[in-house]
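Spelled out from the first residue to the last, the chains are:
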Amino acid sequence: MKRPDSKLNETEVKQNGDAGGQLSVFTNVHTAAGSPEKRLLSAFKKDTNPGKAYLAGREYYSEDGKTFELRLVRRIKQQLSADPTTRPEYPSPLGLTEFTRRATEVALGKSSRAIVEERVLGVQTPGFTAAVRLGAELLRNWYDHCAAWCGPVYLSSPCDDSLAGIFQAAGIQDIREYYYWDDQQRGVCLDKLLEDLEKAPERSVVVLSASAHYPTGADLSHNQWAVITELIMRRRLFPFLLLPPQALCYGNVEREAWPVQYCASQGMELLCAQSFSHCFGLYGEAVGHLLCVLKQNSLLLSVQSQAATIVKSLWAQPSAGGANIVATVLSNPAHVVEWKEEVKHIVERCMLIRELLRERLRLLGAPGCWDRLTQQSGLYCNTGLNEDQVEFLSQRRHVYLLPSGCLNVSAINGRNLDYIAESIHRALTTSL
Amino acid sequence: MSVFGEVALAAPVAVFKLSQDFNNDQFPNKVNLGVGAYRTDEGKPWVLPVVKKVEKVIVHDDSLNHEYLPILGLPEFRSSASKIALGEDSPAIQENRVGAVQCLGGTGALKMGAEFLRRFYNGNNNTNTPVYVSSPTWENHNAVFANAGFDDVRPYKYWDAENRGLDLAGFLGDLESCPAHSIFVLHACAHNPTGTDPTQEQWQLIAEVMMRRQLFVFFDSAYQGFASGNLDKDAWAVRYFVSMGFEMFCAQSFSKNFGLYNERVGNLTIVARDADNLKRVLSQMEKIVRTTWSNPPSQGARIVAVTLTSPELFSEWKDNVKTMADRVLLMRAQLKAKLQALGTAGTWDHITEQIGMFSFTGLNPKQVEYMVKERHIYLMASGRINMCGLTSKNIDYVAESIHETVTNVQ
């Protein structure tokens, strides 16, 4: 019998790989290109400068620079761990009923007609990515089934760079972009957006950020939503809404879910991927939700059964822990009040950081108008820095932004604010 | 007009339907032998004492950060989980050619392995590579591999219904005649649903053919420790294959042996020829994970990691596992004894020869129907029972029912 050899010299081996069974079956596997985010984080970790700052993370960081647990969440975790009635059993593939019920209400509002008419499907998923993936698989398998639909899916430019991969992994290869962020205007360019969607083939899926657009932080106004949804309905496109850090923009759950509620109120069918990581500080717990609003309640059972079938070949059942916590909070009015208070502090801190940053930059005389910093809200903002300037920041000042010039405001705190403001100023004024 | 207008109602999954029917049954002495989880002698689910203890430790630990886990999962979990499968002193681990991906349960691990193989094994995106699953096998195996894009998922001979044992000749025959580079899904121990595992000598024969014909080894290990009560014994087949020089995947589930069904704790262990190959494989795995769930949940993985890396807790866990395995062995012994005492027609040695949670009783569909309808004892149409559904309170009733069924229904 053969024993494993020490490292093989692969260049000596033929392409069809049959060197007496000693060649690895993985020989032809190439190293995957790392995502830009991964390379950035890797560079940051290697950076030995004591003043370094990482402003490209996805989590909310508190003033001491760490992700943290909401006090309420901590208490509930302790309560749940002492609860003698917890049953270690497989949950349903669709997740905890109490969780999906509350998650649905949070997105659509308790009195939503769609809920009352029982044409809403809610599926608990292990996180936000999983919710998008499930939605993508549902579309690929069942969207306009007889027409064998296979795309296209339209993503905003820019968007989270993992989105395209998720749809492709689900088997939808035709991914396109629609115009969103305009560098000159430093905001959303509605005209160009509408132009792109007007050209989209019928039955295209359009992925739209309901709030807290990643990575720009630039959201659509109510008027813009009205115009866009009118186009979507007229052109027979399908909306897939993203609601990741709900409640972290304005501290107001309902306000951030407005676009979802508006679309539903227009009688549209839609998918919506939600995450509860941010607004509950449950990053490690993978708490996500996929919402599906249908036109007819006669379809609910079928779509539900197919969603369950898809789930069974992906992860079988979602994990209970985090969803339990969210359900416990949302189904108790006193907890909800306390939760909203804690979230409010997070939101206020982000606003404060934005104001302070704006002031510092103004005082330094940094070129450009910085009002947009306080006009937007939420975790992310676009500084307007170009690629060269972003690189300057990381190489020379050890301040790491996303390549698009966007940054996570919560990573700025009392200790690094001055240095970061100074660094941005230098990036803008140093000739590169 | 809805865009989902053509969506058909999916067929209900048999085991869930069985549970539903059981729940709706009003008969006071009804018994559920279709359940797929461990039950105590009181018929209740069991939170392992060590898990309860560790949960408290975790919840009061102020030093834990609450960030997203790395895409590949909690490092301590991945390495300790792989060690459990391959052995503390595994040469492959020492040679740095073992890696792992934390996944959403055993299903998630199978899914990640399947997605990787479909993309990178036997060429690029070769959806024609045959994937062989045992006949019979866990009903979800087919769906996971098919959904990962494999066009050709086929059965390999395994269960000999007539002799109520392993069809070794058939199995070896399929190994000899299958297309080269085929993928074989092997049950590491406690075969689901038959409870019939190859002996060590039989595993050696299977390994010899697989090595010679360059077939890919994909172990499904959902019951380590649970089968015999001994972790090392239950891992013998996996470790043997590693020692023979195979590259392989091993999908591990900690749902049963930790009672963490609802926390979805799984691990895909990867054994490669060398560290360089391993590194490249893991880099591609990360991309696949990134588009499925991105960051796995931490709770269950933390519980397992803390337990496995503390000698005291590890010892306590092994005791808890043995408690579960011993109860199953006791029920097996008692059921067989009672059937023999009743003089029930046929041989019942297979009840104690089979191992793990499940037993293929040998009851035919008509007999199963009789058991369900007349005796209110719920089992799968295949004749599969979950030994955990037996308790000291219902075992007499079950034994009598089997006796009556076999006597009256052919």
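Note that residues are indexed from 1 along each chain, following the sequence as it is written. The order in which chains are written sets their letters, starting at A; the order in which ligands are written sets their numbers, starting at 1. Where totals are concerned, whole chains, interfaces and linings use all residues; where local detail is concerned, this predicted model gives features only for residues with pLDDT of at least 70, and gives and counts side-chain atom pairs only at 80 or more. Side-chain numbers come from the whole structure's heavy atoms, not from hydrogens or water.

As recorded by an unreviewed UniProt entry, chain B carries the name Aspartate aminotransferase and is attributed to Dissostichus eleginoides. UniProt positions are given in the numbering used here, feature names are shortened, and annotations may be inferred rather than shown by experiment. If you open the UniProt record of chain B and go to Cofactor (unreviewed entry), you find "pyridoxal 5'-phosphate".

If you look chain A up in an unreviewed UniProt entry, it shows as aspartate transaminase from Dissostichus eleginoides. According to UniProt, the comment filed for chain A under the heading Subunit (unreviewed entry) is "Homodimer."

With numbering aligned to this structure, UniProt lists the feature "domain: Aminotransferase class I/classII large" (unreviewed entry) at residues 29-402 of chain B. Only DSSP runs of H or I covering at least 4 residues are called helices, and only runs of E covering at least 2 are called strands; the numbering of each starts at the N terminus. What you have in residues 29-402 of chain B is 45% helix and 15% strand, and the ends, taken at the C-alpha atoms, are 15 Å apart.

Here we come to the interface of chain A and chain B. Any two residues whose heavy atoms approach within 4.5 Å at even a single point are treated as in contact. Taken together, the contact between chain A and chain B spans 87 residues of the former and 79 residues of the latter. At the boundary of chain A with chain B, total buried surface from both sides reaches about 7,200 Å², with 56% on carbon and sulfur atoms. Buried area: the accessible area, evaluated with a 1.4 Å probe, that two parts lose upon being put together, summed over both parts. When residues of chain A are sorted by the area they lose upon contact with chain B, Phe26(A), Pro88(A) and Tyr90(A) head the list and together hold 10% of the total. In the sections that follow, a salt bridge refers to a side-chain nitrogen of Lys or Arg positioned within 4 Å of a carboxyl oxygen of Asp or Glu. Our enumeration of links across chain A and chain B arrives at five salt bridges. As a salt-bridge pair, Glu115(B) and Arg133(A) come within 3.8 Å of each other at their nearest N and O atoms. The term polar contact refers here to a pair of N or O atoms within 3.5 Å; inside protein, the definition further demands a hydrogen-donor-capable atom paired with an acceptor-capable atom, and it admits residues adjacent in sequence only when both atoms are side-chain atoms. Applying the counting criterion to the chain A and chain B interface returns 33 residue pairs in polar contact (both at pLDDT 80 or more). Those elements that place two or more of their residues in the side of chain A that touches chain B are α1 (36-46), α2 (71-81), α5 (128-142), α6 (163-169), α10 (277-280), α11 (300-314) and α12 (320-330) of chain A. Considering every element that reaches the side of chain A that touches chain B, the biggest residue donor is α11(A), with nine residues.

This part covers the environment of Ser63(B). Residues and elements named next belong to chain B. With respect to the secondary-structure elements, Ser 63 resides in the loop between α2 (49-59) and α3 (75-86). The cut-offs for exposure are 20% and 50% of the maximum accessible area for each residue type, with area from a 1.4 Å probe on protein chains only; residues under the lower value are buried, those over the upper are exposed, and the others partly exposed. The class for Ser 63 is exposed, based on a relative accessible area of 62%. For the pair Ser 63 and Met 244, spaced 181 residues apart in sequence, the C-alpha separation works out to 43 Å. Reaching out from Ser 63, the side chain makes a polar contact with the side chain of Asp 61 at a distance of 2.7 Å.

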